[in-house]
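# Fold and contact review
One-letter residues, chain by chain:
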Amino acid sequence: SDDVVIDTGGIVVSCRMQRAAPTGSTTPQKRAPETDLQWRLLAETSPIQAVRAGQRITVNSPIRLVAVGLAGPDHVEMRRATIDGNFGSVSADAINGGFAVRGSVSPLRLWQELRPLIDLPQPQLASDVNLEVDVQSDGDVLKLQNVLLESTEVSVSSRQITIAPTRNVLQMVNGSL
């Protein structure tokens, strides 16, 4: 929101690297070459202190991102990432050149956490939303396969949806629900 001034808030980031085990990683994708390093990135937010319309506010909604993968002389590869917060959790696991995204998010809790900082309309979904989708990128096209979005208020499924952000808005999305 335009009338919010952030006083304090932070993100703590740490990264750890170690030689990858020569027998490979825990994911069955491919064996790690002996020159690869295993990496782990962690980012965590701290409470935000701000002033909005002359009133002091505190947003104490920690968010934690953990990502792991491999790095070699000519590549960096993410194998898994997870983001957690009071609003829920979403993970992405590398599969067949893309990611299997799975999670559960409470739109109402997310709205309650963001509301002190930005003006957003209240979501019409009161229950948690469960998400399952396989995502692949093909140039400027994003392919969503095996899409499943469920809550007590809504259920959406699709075998495949393609999204091409560079196309005009009427041709950007292709698929069936």
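Our subject in this report is the structure included herewith. (Residues numbered from 1 in each chain as written. Predicted model: local features only at pLDDT ≥ 70, side-chain atom pairs only at ≥ 80, totals over all residues. Heavy atoms only, no water.)

This brings us to the pattern of salt bridges. Applying the stated criterion across every chain, the model contains nine salt bridges. Taking the shortest distance from any N to any O, the salt bridge between R79 and E77 comes out at 2.6 Å. Using a relative accessible area of 4% as the deciding quantity, one classes R79 as buried. You can call E77 buried: its relative accessible area is 15%. (Salt bridge = Lys/Arg side-chain N within 4 Å of Asp/Glu carboxyl O. Buried < 20%, exposed > 50% of the residue type's maximum accessible area, 1.4 Å probe, protein only.)

Moving on, we come to the pairing of strand β8 (residues 88–95). Note: strand β7 (residues 75–85) against β8, six bridges, orientation antiparallel. Paired with T82 across the strands is S91, a residue of β8. Taking the residues that link successive antiparallel strands as the turn, the β7-β8 hairpin has two residues. Of the pairings in the sheet, the one linking β8 to strand β9 (residues 98–105) comprises eight bridges and is antiparallel in character. Bridge pairing in β9 places S91 opposite R102. Linking β8 back to β9 in an antiparallel pair, the connection comprises two residues, with N96 at a positive phi of about 40°. (Pairing = 2+ DSSP bridges. Helix = DSSP H or I, 4+ residues; strand = E, 2+ residues; numbered from the N terminus.)

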